[in-house]
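# Chains, contacts and geometry: an overview
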Amino acid sequence: MRKSAVAVILGIDPGKTGGWTVLDETGALLRWGRSDKMDERDLADTIADLTIQFPGLYAVMERAQAFPKQGVSSVFTYGTGYGFRRGLLCAERIGFETVPPRTWQKSLGMENRGKLTKPQHKRALIAAARSRWPSLPSHSGVCDAALIAEYGRRKMSGKAAVE
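What you see is a predicted model, and the numbers here were worked out from it, not measured in a lab.

To continue, consider the pairing of strand 2 (residues 19–24). For strand 2, the buried fraction is high: six of the six residues fall into the buried class. Residues G19, T21 and L23 of strand 2 are buried on one face, and the alternating residues W20, V22 and D24, pointing to the opposite face, are buried as well. Relative to strand 2, strand 1 (residues 8–13) runs antiparallel, the two sharing six bridges. The partner of G11 across the bridge, within strand 2, is T21. Linkage of strand 1 to strand 2, two consecutive antiparallel strands, is achieved through a turn of five residues. As consecutive antiparallel partners, strand 2 and strand 3 (residues 29–34) are separated by four residues, and within that stretch G27 has a phi angle of approximately 95°, a positive value.

What follows deals with the sheet that holds strand 2. Across the sheet, which stays open at both edges, the five strands sit in the order 3-2-1-4-5 with mixed pairing between neighbours. Two strands in the sheet have a free side with no partner beyond their single neighbour: strand 3 and strand 5 (95–99). Here the strands of the sheet are splayed against their neighbours by 15° on average, with no regard to which way each runs. As paired elements, strand 1 and strand 4 (residues 58–62) share four bridges and run parallel to each other. What sits directly across from I9, in strand 4, is Y58. The sheet strands contacting helix 1 (residues 40–53) are strand 1, strand 2 and strand 3, and the helix crosses strand 2 at an angle near 5°.

What follows concerns the pattern of salt bridges. Following the criterion strictly, the structure yields seven salt bridges and no others. R34 is the partner of D36 in a salt bridge, and the nearest nitrogen-oxygen pair spans 2.9 Å. Between R132 and E150 there is a salt bridge whose closest N-O contact spans 3.7 Å. Of this pair, R132 sits in helix 4 (residues 118–132) while E150 sits in helix 5 (residues 140–157), and the two are 18 residues apart along the sequence. What you see here is one network of salt bridges that share partners, running through R132, E150, R153 and R154.

Ranked by size, the top nonpolar core spans 21 residues in total, and within it V60, W104, W133, L136 and L147 carry the most contacts. Mapped onto this core, the elements with two or more residues apiece are strand 4, helix 4 and helix 5. In this structure, W104 is in contact with E62, V99, L125, D144, L147, I148 and Y151, ignoring residues within four places of it in sequence.

How each quantity is defined
Residues numbered from 1 in each chain as written. Predicted model: local features only at pLDDT ≥ 70, side-chain atom pairs only at ≥ 80, totals over all residues. Heavy atoms only, no water. Buried < 20%, exposed > 50% of the residue type's maximum accessible area, 1.4 Å probe, protein only. Helix = DSSP H or I, 4+ residues; strand = E, 2+ residues; numbered from the N terminus. Pairing = 2+ DSSP bridges. Axes fitted to C-alpha atoms, helices over the stretch in contact; angles between N-to-C directions. Contact = heavy atoms within 4.5 Å. Salt bridge = Lys/Arg side-chain N within 4 Å of Asp/Glu carboxyl O. Core = buried A, V, L, I, M, F, W, Y, C linked by side-chain atoms within 4.5 Å.

Here you go:
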């Protein structure tokens, strides 16, 4: 990630029920949205609007990857959404990086080391995000996006771990 005068971070969870959030340099929540409530045109318009509202916007997006026991169709759907969002970021000339789930979760002290079931881990991530940003909905995609943006904000500011 480039260290510069970027003051606003866009966090993106590209999953089917994903979301996006915008944080400023202090970690304050500026905007959020649910991707599952938007079609591709709406998402493209939103990203374009964000570039106008927040010049110098930098994005951090969760990296697409396949998981064991995931069906071919779900992997394809996830990859399509990931690619579409990457294309939007490139088209709008938004600098970005991708980060594996394990990396951002570990950096924020939220890595699941097999102690929790997947639903329990998702609930823990939602709880962590909502404790920091109470106005967020209890939606996994939006909460993950906020935590991804927080990871990017801390990385950009040189803070590696949980405060």
